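Structural overview for review
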Amino acid sequence: MSLNHVSYWENRDWHHISAMEAAKKSNGHPIKASEQKLLCDLCSHFISLCVGQERSPYFKHSRGDFYKYCPERTVLDYKNSPFSIPKHFAGLRIVIDKNQHFHFELLIPKAANPELSKSKRLNVYHNNHHKVTQVKVDARSFFTKVNLGNTIDNSYAVYNDSSSNAKQIANFKIPKLNCLIFRENDGMRVSLGSELNPNNEYLVLTRGDFKYSGIQKQRLARSNGWNLYRIGFSTNVNSKTVNDFFHMETIDNEPIGYRITRNTAGIDLIWPEHFKTKDGINYLGNTLYLYKHGQGWFDHAPKTESHQSFNAEAFLQSFEDSRLLALKAGDNGMVVAYGRSFIDIANYKQFIPSLTVADDAARKLLLKPYTKNNHLYVKPAYNATLKQYIDEFEIKTSFLAADKEYPLPELQAGTSLKIYYGADCVFSKNASIPNHESPKSAPSSNIQNKYDDAGLLNLLRQQTGDSKPFIIVANQLKQALKHYPNTYAWVCAQARQKAINIKAFNILNKIVNGEDY
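Bear in mind that the values here come from a model prediction, so they are computed numbers and not experimental data.

1. Notes on the overall build of the protein chain
Looking only at helices and strands, the protein chain has eight helices and 36 strands in total. Split into buried and exposed, the 517 residues of the protein chain put 48% on the buried side.

2. Quick notes on helix α5 (residues 453–461)
Three or more residues of α5 are buried, namely Asp 453, Leu 456, Leu 457, Leu 459 and Leu 460. Seen from one end, α5 has its buried residues packed into an arc of 160°, which puts them on one side. Residues Ala 454 and Arg 461 are exposed on α5 and point more than 90 degrees away from its buried face.

3. Details of the side chain of Arg 183
By the element assignment, Arg 183 lies in strand β13 (residues 179–183). Aside from chain neighbours lying at most four places away, what touches Arg 183 is Met 188, Arg 189, Val 190, Glu 201, Tyr 202 and Asn 347.

4. Examining unusual backbone geometry
Positive phi, normally seen in glycine, also occurs at Asn 27, with a value near 55°. Asn 27 gets classed as exposed once you look at its relative accessible area, which sits at 65%. For Asn 373, which is not glycine, the phi dihedral falls at a positive 55°. According to the relative accessible area criterion, Asn 373 is exposed, its value standing at 65%.

5. Brief notes about the packing of aromatic side chains
The relation between two aromatic rings is expressed through the spacing of the ring centres and the mutual angle of the planes. For the structure shown, the criterion picks out five aromatic pairs. When the ring of Phe 470 is compared with that of Phe 505, the centres are 6.1 Å apart and the planes differ by 70°; the resulting orientation is edge-to-face. Of this pair, Phe 470 sits in the loop between β35 (467–469) and α6 (475–480) while Phe 505 sits in helix α8 (residues 502–513), placing them 35 residues apart in sequence. Taken together, the ring pairs in this structure connect Phe 102, Phe 104 and Phe 182 into an aromatic cluster. For Arg 55, the ring lying beneath its charged end belongs to Tyr 58, and the centroid distance is 3.6 Å.

6. Describing the sheet that holds strand β23 (residues 287–293)
Taken in spatial order, the three strands of this open sheet run β20-β23-β25, and their pairing is antiparallel. Lying at the two open borders of the sheet, with one neighbouring strand each, are β20 (266–271) and β25 (323–328). Averaged over all adjacent pairs, the angle separating strand axes in this sheet is 35°, with direction ignored. Bridging between β20 and β23 involves five bridges; their strand directions are antiparallel. Considered in β23, the bridge of Asp 268 is made with Tyr 291.

7. A short note on a nonpolar patch on the surface
Residues Ile 270, Trp 271, Tyr 289, Tyr 291 and Leu 324 make up a contiguous nonpolar surface patch of about 500 Å² in total accessible area. Contributing elements (two or more residues each) for the nonpolar patch: β20 and β23. One can find Tyr 289 in strand β23. Given the relative accessible area of 35%, Tyr 289 is considered partly exposed.

8. Points about the nonpolar core
Residues Phe 104, Leu 106, Phe 182 and Leu 228 are the most contacted members of the largest nonpolar core, which totals 44 residues. Per element, the largest residue contribution to this core is five residues, and it comes from strand β17 (residues 226–233). If sequence neighbours within four positions are ignored, Phe 104 has contacts with Leu 92, Arg 93, Ile 94, Val 146, Asn 147, Leu 148, Gly 149, Asn 150, Thr 151, Ile 152, Phe 182 and Leu 205.

9. Quick look at the pattern of salt bridges
Across all of its chains, the model carries seven salt bridges by this definition. Arg 230 is the partner of Glu 184 in a salt bridge, and the nearest nitrogen-oxygen pair spans 3.8 Å. Residue Glu 184 is found in the loop between β13 and β14 (195–196), and its partner Arg 230 is found in strand β17; the two are separated by 46 residues along the sequence.

10. Section: the pairing of strand β30 (residues 384–390)
Along a regular strand, successive side chains alternate from one face of the sheet to the other. For β30, the tally of buried residues reaches five of seven residues, placing the bulk of the element in the interior. Linkage of β30 to strand β31 (residues 393–400), two consecutive antiparallel strands, is achieved through a turn of two residues, within which Asp 391 is found at a positive phi near 55°. Where β30 lies against strand β33 (residues 415–421), six bridges are found, and the strand directions are antiparallel. Following the sheet pairing, Tyr 389 is matched in β33 by Ser 416.

11. Let's talk about α8
For α8, with twelve residues, the first-to-last C-alpha span of 16 Å sits near the 16 Å given by 1.5 Å per residue. For α8, every residue scored as buried is listed here: Ala 504, Ile 507, Leu 508, Ile 511 and Val 512. Down the axis, α8 shows its buried residues gathered within 140° of arc, on one side only. Sitting at the amino-terminal end of α8 is Asn 501, which places a side-chain oxygen 2.8 Å from the backbone nitrogen of Lys 503.

Basis of the calculations
- Residues numbered from 1 in each chain as written.
- Predicted model: local features only at pLDDT ≥ 70, side-chain atom pairs only at ≥ 80, totals over all residues.
- Heavy atoms only, no water.
- Helix = DSSP H or I, 4+ residues; strand = E, 2+ residues; numbered from the N terminus.
- Buried < 20%, exposed > 50% of the residue type's maximum accessible area, 1.4 Å probe, protein only.
- Arc of directions from axis to C-beta.
- Contact = heavy atoms within 4.5 Å.
- Phe/Tyr/Trp six-rings, centres within 6.5 Å; stacked < 30°, edge-to-face > 60°.
- Lys NZ or Arg CZ within 6 Å of the ring centre and 35° of its normal.
- Pairing = 2+ DSSP bridges.
- Axes fitted to C-alpha atoms, helices over the stretch in contact; angles between N-to-C directions.
- Patch = residues over 30% accessible without salt bridge, like charges linked within 9 Å, V, L, I, M, F, W, Y side chains within 5 Å.
- Areas by Shrake-Rupley, 256 points an atom, 1.4 Å probe, with all protein chains shown as cover.
- Salt bridge = Lys/Arg side-chain N within 4 Å of Asp/Glu carboxyl O.
- Core = buried A, V, L, I, M, F, W, Y, C linked by side-chain atoms within 4.5 Å.
- Expected span 1.5 Å × (residues − 1).
- Polar contact = N/O pair within 3.5 Å; in protein donor to acceptor, adjacent residues only side chain to side chain.

Next up, the structure:
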């Protein structure tokens, strides 16, 4: 069948292209897969452009491809297609200790594998049952972590703990490679055919040396014939000194190209408010708004055993598009898998509702202050924002870190404060304005006798010299300026900037005190 999801390498990036367009770029000549100019977007193999006299130009896979399962290679009928994203997600992670020793972990998200919650132990078989690792399932954790030691096998089958009626929960395969690449920030493996961002650092595990022009490297460890390097890009990605790809080879000598581009596939949580923990990304709310960017596959769990209403055309189209997605998350969270290679998804993010990680009744959305040393304190369960106001004017914003103690500021009459988790107000406090007029508010007539609103504002703006801290507009000054809206707005602006000219401040003080200025 014809290939419709093909990209052409040009100007240091991949661009979707048709066979006719590719033929025009090659001036009617064939393009071989070995030239590495054309890439199948669905399976990340380099492909060929065939040009002949008897039929229109067309793309073709090579017979020697490492993976031969591609939606546009094996599926003849989209409507009756068995093609779907793998039902289970797992990530391979490298862990480096303080002594620069490393081992590998297989991470199996519970939300993507509901059967995990029914088991107390798991049997993990390495390389077709040649080796067995027993793992205890932690009911409180959002993923099960399997320590694989310092060797990597190529396949793992996970079974439940029932010896008499063992049931396979998941099956994972890792290609036979002479080189593996991991993200430096979290240790997770980079999937085959994926992109490397030149702004980031990576860990490269290889059986030989690592030599690429324009790449800085530092060897971190050596074990069982493997060398572990930390690499970084020492030059701009547009420089000709940096190769377009890392060419890695399988044990069967098949080249695998890791593209170097800033347009990496990924998923970002746009809303609601969220923060990272060791288990994943905690969020507040019931609906996740995710932004998928770059070319790549996307799937999420928990999910049903099969796609009942699978639409292959729409599914394939989703590979191309950057889009905003709204997903209803389950009570136990959600795992989102993404990556450029359909067959080798190695990236996922774990989204965890904040209420499910609460370990006591105090970790609720409503924040309750408490008294300590005759002063009010708060200890937010999550990262929070404290805002102070005079009437509707916001005059100060402070960041409150989760699980830290903070004293609440003293409020003057007419001021208020609010504390937010994201966009949700979880605490508010107001200082009411007395019903009687302050005796110091009378001098407002003194202003009327000397300046109008524009004249007073011009006087204050003309003052030069040093400034002093200025955060809150006192209620007495507010009353004095109640007939001077432009001057009052300027004073509030100074409060938001947290500073005011000293001479201008002294003029305002004299106005409040009824003195000649």
